[in-house]
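So the chains spell out like this:
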Amino acid sequence: MSDKIEGGCKCGLVRYSGIRSDLPMFRCHCRDCQQLTGSGHSEMVPLVAKSVSIGDALKTFEMAGGSGLSTFSGFCPNCGSPLIRRSERVSDCIYVHAASMDDPSKYHPAKSIYSEAAQAWDEAVITTEGAGTK
Ligand SMILES: [Zn+2]
Ligand SMILES: [Zn+2]
C-alpha cells in the first residue's frame, strides 16, 4: 500500500518525492517547530527515507535534538519555505511539512506530540482516537 508523495517549496526551486511511511502523521508543538514554522506547531508526514529524492538546492540547518543526537530542518534557500525534517535518532524516516505537498488534503494527523509545549493560543490537541484515516 504505497502512496507516492510529491511536493515542493513556494518558489518551485526545490521539489521532492517519496513514498509514505506507515508511521502516523502528526502535529508537533515543540519549540523547535514553533520557531521553524513561525506558527504554533508543525504538521508532519513521514516518508520512507530511502525512497525520498530532494532537489540539490535544499539547504539544511542542523540542531541538537532532545536525545543529544542531531535533528535537521531542510528548507528552500530562495523562498525560505520549510520542507523537511529528519533526525539521527529516526534515520529510516524523513518527515515533510504537510502543506508543502502538492496535495495537502492527503494529510490526516493521527496525534499531537510535545503537546505540553503548545502555546495557549494554539488549537487543542488531536488525540489518537478517531483520527488518522489513511
Ligand atoms: Zn523556494
Ligand atoms: Zn517539533
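Source: prediction; values computed, not measured.

Thresholds, definitions, all that
- Residues numbered from 1 in each chain as written.
- Chains lettered and ligands numbered in written order.
- Predicted model: local features only at pLDDT ≥ 70, side-chain atom pairs only at ≥ 80, totals over all residues.
- Heavy atoms only, no water.
- UniProt positions renumbered as here; feature names shortened; annotations may be inferred.
- Helix = DSSP H or I, 4+ residues; strand = E, 2+ residues; numbered from the N terminus.
- Donors = N, O, S within 2.8 Å, 3.2 Å for Na, K, Ca; no water.
- Buried < 20%, exposed > 50% of the residue type's maximum accessible area, 1.4 Å probe, protein only.
- pLDDT = per-residue confidence, 0-100.
- Contact = heavy atoms within 4.5 Å.
- Core = buried A, V, L, I, M, F, W, Y, C linked by side-chain atoms within 4.5 Å.

Caption draft 1: Just the UniProt feature "domain: CENP-V/GFA" (unreviewed entry) in the protein, in detail. Taken from the UniProt record, the annotation "domain: CENP-V/GFA" (unreviewed entry) applies to residues 5–122. Across residues 5–122, the secondary structure splits into 6% helix and 40% strand, with the terminal C-alpha atoms separated by 27 Å.

Caption draft 2: Main features of the coordination of the zinc ion (ligand 2). Here the zinc ion (ligand 2) is held by Cys 28 (SG), Cys 30 (SG) and Cys 33 (SG), and the distances to it run 2.1 to 2.3 Å. Sequence positions of the residues that donate to the zinc ion (ligand 2) give the spacing C-x1-C-x2-C. A residue is classified by how much of its surface remains accessible, and Cys 28, at 4% relative accessible area, is buried. Take Cys 30: its relative accessible area is 13%, and that puts it in the buried class.

Caption draft 3: Highlighting the confidence of the model for the protein. A residue-level look at the protein finds 90% of positions with pLDDT of 70 or above and a mean pLDDT of 91. Across residues 130–134, confidence stays below pLDDT 50; counting only partners more than four residues off in sequence or on other chains, it has 11 contacts.

Caption draft 4: The nonpolar core, seen in detail. Counting residues in each nonpolar core, the largest one holds 18 residues, and the members touching the most others are Val 45, Leu 83, Val 96 and Met 101. Elements that contribute at least two residues to this core include exactly strand S4 (42–48), strand S8 (82–87) and strand S9 (93–97). Sequence-distant contacts of Leu 83, defined by excluding residues within four places in its chain, comprise Gly 8, Cys 9, Val 14, Tyr 16, Leu 58, Gly 74, Phe 75, Cys 76, Tyr 95, Val 96, His 97 and Ser 100. Formed by 8 residues, the second largest nonpolar core is a distinct cluster that contains Cys 28, Cys 30, Met 44 and Val 90.

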